[in-house]
Amino acid sequence: MNEQPKPKKQIGAPLNRVDGHQKVTGAATYSAEYQLPNMAYAVLVGSTVTKGRLTGLDTKAAERAPGVLAVISHLNAPKPPGPKPEGKDPSQPQTQGNPLQVFNDDKIRFNDQPIAVVVADSWARARYAAGLVKAQYAKEKHETNLEANADKAFLPTAAKKNPKHPMNDYQRGQVDAYKTGAVKLEAEYVIPTEVHHPMELQAITAHWEAPDRLTLYDKTQGTMATRRDFAKQWGLPEENVKVIATYVGGAFGNALHSWPHEAAAVLAAKVVNRPVKLMLTREQMFTMVGYRPYTWQKLGMSATPDGKITGITHESIGQTSTYEEFTEATLAQTRMMYQSPNVTTRYRLAALDIGSPIWMRGPGEATGAFALESAMDEMAYLLNIDPLEFRLRNYTEQDPEKNKPWSTKFLKECYQLGADRIGWSKRQLKPGALRDGDWLIGYGMGVGTFGAHRGAATVSAQLLPNGTVLLQCATTDIGPGTGTAMTQIAADTLGISPDKIRFELGNSSFPKAGTQGGSSTVNSVGPATQEACLALKDKLRTLAAASNPAFTSARKEDVTMQDGYLTVGGNKDTRVSYADVLKQAGGTTVMVEAKPGGEGQKYSMYSFSVHFAEVRVHQLTGEVRVSKLVSCADAGTIVNEKTAGNQMKGGAVGGIGMALMEHALLDDRFGRYVTKDLADYHVPVHADSPAVEVAFVNQPDPHVNALGTKGIGEIAIIGVAPAIANAVFNATGKRIRELPITPDKLI
Amino acid sequence: MNQFQYVRPTKQQAAIDAVAKDATATFIAGGTNLVDLMKRGVMTPQKLVDINRLPLTRIDADPGKLRIGALALNSTVADDKQVRERQPLLALALNAGASAQLRNMATVGGNMLQRTRCSYFYDTTMPCNKREPGTGCGALEGINRMHAIFGFSDKCIAVHPSDMSVALVALDATVQVSGPKGNRSIPFAELHRLPGDMPQKDTTLEPGELITAVDVPDGPFTKHVHYQKVRERASYAFALLSVAAALDLDSNNNIKAARLAMGGVAHKPWRLTAAEQALVGKPATEESFRQAAAIAMQGAKAFQHNAYKLKLGPNTIIQALKTAASVA
Ligand SMILES: Cc1cc2nc3c(=O)[nH]c(=O)nc-3n(C[C@H](O)[C@H](O)[C@H](O)COP(=O)(O)OP(=O)(O)OC[C@H]3O[C@@H](n4cnc5c(N)ncnc54)[C@H](O)[C@@H]3O)c2cc1C
């Protein structure tokens, strides 16, 4: 028996992105780039008032404009047969009703709400004609300011109905115990509205291939979810709707929801009976496809003089729309991160006349962590203890919220790694102690956590005549490199080289998977890929047994694939060619669903991160520059060091934006944003971002799944903003509790 | 976006005539500002007169001055050897503006005539006297974080956004203009106007007048210069506030001459002549700079969201002068 050399292990290796070449050469096709025969183009007309009724709509000039095929509004839009949006339960916000509602009635619920869509034979003509539509309104008084509406904040309806709902008030120990603590802190924190702004704009091409068959080339994080939404809306069997999102140019949560513009494109395609393409403008990306909600928070904390936390109360009011109750886990980290016998959390919503928010990277946790991790720093100062030491004194060895053991927790190891790399020992506790000329230097840290979520996923695997293994799954890849990671997992499981594997995704006709979000894709699709590859080996074993009986009793793990032949453990005498296997009836295709088991009952499963920032603040101009950022993560097994590193760096840069510049400013008098483009709404440029250093503990979690992964996307940003805010305090002695930290707040 | 006609004359006179005779016509150079404004419906010219075929791209190093063609690109000027040697402040200010891609498209003439970035000017559904006289000033009681602290009126509190212009006003540049009535020169400080009762008028140019060049006279400001631009991100952002500073120092580090101008504070680049005079004869120390900064800020007045400029102004002046003085 001559052993074959074992193929190089792929999991963990820094494999280049399998689709990198397509992406950088422009060969990758994004949703706005599909060219279908006879295509028409749609442009939305938005309301210029914030609340009221549409009393008149003059579309004559637009209809007469050259090339115009249709002008569709509530006056003439066909009503999709699906469930009626009115009367829907607003506590079930995920596209159950209102979000898909477009041109349904004359009600204006937010500024720039689509009131009409113009369809023409070219985009330029549609856009020109859209400018000719004239609307009249009966205006009503609108409310767009959260603080002014804080007194009307309410407990989410879902929580009112269900006492077990996670948005209910939480209590451990005594209520508001911090108020009687020895050392006491009480502070308010504000995060402004932030907008996702992925590089790729929202775009959709809708094609009714038959009166009851719809194909959508759509920017979405979930092909299955989008399929479900539109099948429901149009009363179609799900298999009649196909959603294709092979490439997604970033999303950050912005494509987790089906939005009015998608519904408008589908309607328009129905009316003109041609494929219709609709792409939003950057300005429209502010108003109708979600954002991180403006959130007010109050945090009370008490501790013993020697640094043991005795009570935390964390309250928040987040913004939602008047037609959906959007909720997020703003207060989750506070309940489990630190050892405190007494914890109270209260989550409330304020409904404003603005479009609905949607989860934005590190959803509620990033908002909550700004308050919690800032407060940890503030308390450390009150106690005169090093902030890292203060966190260690309150470290949780098991989940104090659920009273369960952690599946794994290597946060202490992250602290150590990060502290070494940033040079925490250089830090002076006293603010303003370090400087370089007019630049004040400070160091700060912030901790992040996010649930290691796993859902069910199905992957199919098939051996092709050219010796390639084709894997398919409906999951999307919005940028993390899903196809690459899955290729590595498959390569190791099959024992073949990655270039013999093709992982296809982003198509609702492929075997089903959940939406890409909540850092759950590798956790969920990874095991399905692994199991599908094992099933394929078993299938090949049975097929090969027809040609060589050595396979009959072989274990599937011992099936070896090399150079067009199958062998048992590399033994040449057992060789069966792929061609012989493929000749057998039935084909090689296998399809396997992998599901989480009971591990979530036994363990509390989270990823953890810590971010250390070094900042320089100019004492005269108040400018802040992040000169060094170190992000360390306990995210279980790292499948690809390079793409995982990318995720961490991207999150860190997002965190710099959150801390120092991102701010969608709204003029409450008009209910309109005054930041309308990327010249006004600032995200970091290269010059704002130092070379981010990333370190992973890279310890497998044996409970989340067989691969040992826990998820990275969210913990990459959660905790970055407070790390920077804390570093600014260390540099200047100024505590900025309202983001972003702009020069005007520091001078 | 409106429909429009487009012409691309090769003769200067034809270009001038095309705009002078048609009130709805406008010159277009790099288009980096005008096209954005057209897309937003803020400017709706019926005819675009593309001037890129006119021979106005040269940078002539004349004795006593540099003559920079109106169509010279921002990036070309910033990289020009003569400009860097004779007018380093101008190169610094240019490179502080926009991004490399934009500077490769933007022209010198277009840069000085770029319009305010005031959000209310940009949104056709909001009030703005500059865009639509008589509708009111949206910024006056709105979000005015970026707005003026000098020279505003109750009709308009917008600021001029150009970085290059701050350097040009400090350097006593002159704009060469050719129009239906012939050629004339305009001192740079008189090119832009204050809003007064006519905020719709940014400059003193007459209809159809074409900027052909800008002259920058030689001076002693070849060493101790600095352009300090304060913004919340490190690059590719308009100034919250900026300062162009130039010093001429004697061997004892005393100030023989000074130039100082501020951006982001008024409807025009804001020359600080009184502060300049106060510096002359003083030692180049932080104390002298502090006194000059206090003089510079006299008469400044803030609105709800821009009070920080009252402090950022003097601080930035001090920082700009400190840096200029220390540049060898
Ligand atoms: C995202 C972004 C960021 C930016 N950041 C900055 C910044 O930080 N600092 C900064 O200073 N600028 C900035 N800019 C503005 C940029 O500098 C200007 O857009 C550019 O300089 C305009 O030059 P242009 O040749 O493209 O002008 P155009 O857009 O072609 O024209 C502008 C105006 O000038 C008129 N015009 C042009 N040439 C002549 C002429 N020769 N005679 C008479 N009239 C003429 C046109 O009719 C038009 O009204 C930024 C722009 C963008 C889009």
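Being a predicted model, the structure only gives us computed values, none of them experimental.

Caption draft 1: Examining the site of the ligand more closely. Surveying the vicinity of the ligand reveals 34 residues, the closest of which are B:Phe27, B:Gly31, B:Thr32, B:Thr107 and B:Asp163. Near the ligand, residues from chains A and B are present, making the site a shared one. Between B:Thr32 and the ligand, the recorded distance is 2.7 Å, taken from a side-chain N or O atom to an oxygen atom. One nitrogen or oxygen atom from the main chain of B:Ala98 is found 2.9 Å from an oxygen atom belonging to the ligand. In the complex, 95% of the free accessible area of the ligand, which totals 980 Å², lies under the protein chains. Ranked by the residues each element gives to the shell around the ligand, the list is headed by helix α7 (residues 108-113) of chain B, at four residues. By residue class, the composition of the shell around the ligand is 17 nonpolar, 13 polar and four charged.

Caption draft 2: Representation of the packing of helix α12 (residues 482-494) of chain A against helix α13 (residues 521-545) of chain A in the model. Residues and elements named next belong to chain A. One can describe the packing of α12 onto α13 by two numbers: an axis separation of 9 Å at closest approach and a directional angle of 35 degrees. As for the relative orientation of α12 and α13, their crossing is right-handed in sense. Contacts from Thr-482, Ala-485, Met-486, Ile-489, Ala-490, Thr-493 and Leu-494 in α12 reach Thr-521, Val-522, Val-525, Gly-526, Thr-529, Gln-530, Cys-533, Leu-534, Leu-536 and Lys-537 in α13. Grouping the constituent residues of the contact of α12 with α13 by class yields 10 nonpolar, six polar and one charged.

Caption draft 3: Highlighting the packing of aromatic side chains. All names here are of chain A. On inspection of all chains with the given rule, the structure shows 17 aromatic pairs over all chains. Ring geometry for Tyr-30 versus Tyr-247: centroids 5.7 Å apart, planes at 50 degrees, classification tilted. Residue Tyr-30 is found in the loop between α1 (20-25) and β1 (40-46), and its partner Tyr-247 is found in the loop between β11 (241-244) and α6 (260-272); the two are separated by 217 residues along the sequence. With respect to burial, Tyr-30 and Tyr-247 carry one shared label: buried. Centroid distance Phe-286 to Tyr-673: 6.0 Å. Interplanar angle 45 degrees. Geometry classified as tilted.

Caption draft 4: Region of interest: unusual backbone geometry. A cis geometry characterises the amide bond from A:Leu739 onward to A:Pro740, with omega recorded as -5 degrees. Along the chain, A:Pro740 turns up in the loop between α17 (720-732) and α18 (743-746). One non-glycine residue, B:Asn253, lies in the positive phi region at around 65 degrees. Topologically, B:Asn253 is positioned in the loop between β10 (241-249) and β11 (255-263). For B:Asn253, a relative accessible area of 39% translates into the label partly exposed.

Caption draft 5: Local environment of the UniProt feature "domain: FAD-binding PCMH-type" (unreviewed entry) in chain B. Per the UniProt record, "domain: FAD-binding PCMH-type" (unreviewed entry) is found at residues 1-221 of chain B. Here residues 1-221 of chain B is 25% helix and 18% strand, with 45 Å between the C-alpha atoms at its ends.

Caption draft 6: Highlighting the sheet that holds strand β9 (residues 224-230) of chain B. Residue and element names in this part refer to chain B. Taken in spatial order, the four strands make up an open sheet running β9-β10-β11-β12, and their pairing is antiparallel. The open sheet has two edge strands, β9 and β12 (270-271), and neither has a second partner. Two elements, β10 and β11, share eight bridges in a ladder whose sense is antiparallel. Paired with Ala-246 across the strands is Arg-259, a residue of β11. Each of β9 and β10 is contacted by helix α5 (residues 88-95), which is oriented at about 15 degrees to β9, the strand it contacts most. Packing against the sheet, helix α12 (residues 308-326) makes contact with β9, β10 and β11, and its axis sits at approximately 35 degrees to β10.

Caption draft 7: Seen up close, the sheet that holds β11(A). All names here are of chain A. With mixed pairing, seven strands are arranged side by side in an open sheet as β3-β5-β1-β12-β9-β10-β11. The open sheet has two edge strands with one neighbour each: β3 (68-73) and β11. With direction set aside, neighbouring strand axes in the sheet form an average angle of 20 degrees. Here four bridges tie strand β9 (residues 203-210) to strand β12 (residues 276-279), and the two strands are oriented antiparallel to one another. By the bridge assignment for β12, Ile-204 is matched with Leu-278. Contacts between helix α5 (residues 223-233) and the sheet are confined to β10 (213-218) and β11, with β11 contributing the most and set at about 145 degrees to the helix.

Caption draft 8: Structural view of the domain arrangement of chain B. Assigned domains of chain B: these are domain 1 (5-49) and domain 2 (224-326). Taking the mean C-alpha position of each, domain 1 of chain B and domain 2 of chain B sit 36 Å from one another.

Caption draft 9: The arrangement of the packing of helix α9 (residues 363-383) of chain A against α17(A) in detail. Residue and element names in this part refer to chain A. The geometry of α9 relative to α17 is characterised by a closest axis approach of 8 Å and an angle of 30 degrees between their N-to-C directions. Overall, the two elements α9 and α17 adopt an arrangement that is roughly parallel. In the packing of α9 onto α17, the handedness of the crossing is right-handed. In this structure, α9 uses Ala-369, Phe-370, Glu-373, Ser-374, Asp-377 and Tyr-381 to contact α17, whose residues at the interface are Pro-722, Ala-725, Asn-726, Phe-729 and Asn-730. Residues belonging to the contact of α9 with α17 are distributed by class as follows: six nonpolar, three polar and two charged.

Caption draft 10: Just α12(A), in detail. Residues and elements named next belong to chain A. Between the first and last C-alpha of α12 there are 18 Å, a value that for 13 residues agrees with the 18 Å anticipated at 1.5 Å per step. Listing the buried residues of α12 in full gives Thr-482, Gly-483, Thr-484, Ala-485, Met-486, Thr-487, Gln-488, Ile-489, Ala-490, Ala-491, Thr-493 and Leu-494. Elements in contact with the buried residues of α12: β21 (469-472), β22 (501-504), α13 and β23 (559-562). At the exit of α12 stands Gly-495, carrying a positive phi of roughly 70 degrees.

Caption draft 11: Structural view of empty space enclosed by the protein. Across all of its chains, the model carries 10 cavities of 30 Å³ or more by this definition. Considering only enclosed or pocket space, the largest cavity measures out at about 530 Å³ in volume. Lining the largest cavity are 33 residues, with A:Asp680, B:Arg117, B:Ser119, B:Arg145 and B:Met146 sitting closest to its centre. Along the lines of polarity and charge, the residues of the lining of the largest cavity split into 15 nonpolar, 12 polar and six charged.

Caption draft 12: Spatial organisation of the interface of chain B and chain A. Contact residues are listed per partner, giving 36 residues for chain B and 33 residues for chain A. Buried area between chain B and chain A, both sides added, is near 3000 Å², and the carbon and sulfur share of it is 56%. Scanning the region where chain B abuts chain A turns up six salt bridges. Residues B:Arg40 and A:Asp677 are paired through a salt bridge, measuring 2.9 Å at the closest nitrogen-oxygen approach. Counting every contact that joins chain B to chain A gives 15 residue pairs in polar contact (both at pLDDT 80 or more). At the level of elements, α8 (119-122), β9 and α12 of chain B are the ones that each hand at least two residues to the side of chain B that touches chain A. A per-element tally of the side of chain B that touches chain A places α12(B) first, with eight residues. A breakdown of the residues in the side of chain B that touches chain A according to their chemical character gives 13 nonpolar, 11 polar and 12 charged.

Caption draft 13: Just the nonpolar core, in detail. Residues and elements named next belong to chain A. Met-301, Val-615 and Ile-724 are the most contacted members of the largest nonpolar core, which totals 87 residues. The element that contributes the greatest number of residues to this core is α9, accounting for 10 residues. Look past the residues within four positions of Val-615 in its chain and what remains in contact with it is Leu-440, Ile-441, Gly-442, Val-624, Arg-625, Val-626, Ser-627, Ile-724, Ala-727, Val-728 and Ala-731.

Caption draft 14: Spatial organisation of the pattern of salt bridges. Counted according to the given criterion, the structure contains 56 salt bridges over all chains. With its nearest N and O atoms 3.0 Å apart, the salt bridge here joins A:Lys676 to B:Asp123. One end of the pair, A:Lys676, is in the loop between β30 (672-673) and β31 (693-696); the other, B:Asp123, is in the loop between α8 and α9 (164-170), on a second chain. By relative accessible area, which is 7% here, A:Lys676 ends up buried. We classify B:Asp123 as buried; its relative accessible area is 3%. Linking B:Asp62 and B:Lys65 is a salt bridge whose minimum nitrogen-to-oxygen distance equals 3.4 Å.

Caption draft 15: Here's a closer look at the domain arrangement of chain A. All names here are of chain A. Considered domain by domain, chain A is made up of domain 1 (34-141 + 199-251 + 255-286), domain 2 (150-193 + 291-453 + 602-745) and domain 3 (455-595). The centre of domain 1, based on its C-alpha atoms, is set 39 Å off from the matching centre of domain 3. Counting residues at the interface gives 17 residues for domain 1 and 15 residues for domain 3. Between domain 1 and domain 3, a total of about 1100 Å² is buried, with carbon and sulfur atoms accounting for 53% of that surface. For the interface between domain 1 and domain 3, the tally reads zero salt bridges. Along the contact surface separating domain 1 from domain 3 lie six residue pairs in polar contact (both at pLDDT 80 or more). Taken together, the residues of the side of domain 1 that touches domain 3 break down into nine nonpolar, six polar and two charged.

Calculation criteria
- Residues numbered from 1 in each chain as written.
- Chains lettered and ligands numbered in written order.
- Predicted model: local features only at pLDDT ≥ 70, side-chain atom pairs only at ≥ 80, totals over all residues.
- Heavy atoms only, no water.
- Near = heavy atom within 4 Å.
- Polar contact = N/O pair within 3.5 Å; in protein donor to acceptor, adjacent residues only side chain to side chain.
- Areas by Shrake-Rupley, 256 points an atom, 1.4 Å probe, with all protein chains shown as cover.
- Helix = DSSP H or I, 4+ residues; strand = E, 2+ residues; numbered from the N terminus.
- Nonpolar A, V, L, I, M, F, W, Y, C, P; charged D, E, K, R; others polar.
- Axes fitted to C-alpha atoms, helices over the stretch in contact; angles between N-to-C directions.
- Left-handed = near helix turned anticlockwise from the far one by under 90°.
- Contact = heavy atoms within 4.5 Å.
- Phe/Tyr/Trp six-rings, centres within 6.5 Å; stacked < 30°, edge-to-face > 60°.
- Buried < 20%, exposed > 50% of the residue type's maximum accessible area, 1.4 Å probe, protein only.
- UniProt positions renumbered as here; feature names shortened; annotations may be inferred.
- Pairing = 2+ DSSP bridges.
- Domains from an automatic or database assignment.
- Parallel < 35°, antiparallel > 145°, perpendicular 65-115°, else oblique.
- Expected span 1.5 Å × (residues − 1).
- 1 Å grid on protein atoms, 1.4 Å probe; cavity = no way out; pocket = protein on both sides within 12 Å on 5 of 7 lines; lining within 4 Å.
- Points joined across faces, edges and corners; volume = space filled by probe spheres on them.
- Buried area = accessible area lost by both parts, 1.4 Å probe.
- Salt bridge = Lys/Arg side-chain N within 4 Å of Asp/Glu carboxyl O.
- Core = buried A, V, L, I, M, F, W, Y, C linked by side-chain atoms within 4.5 Å.

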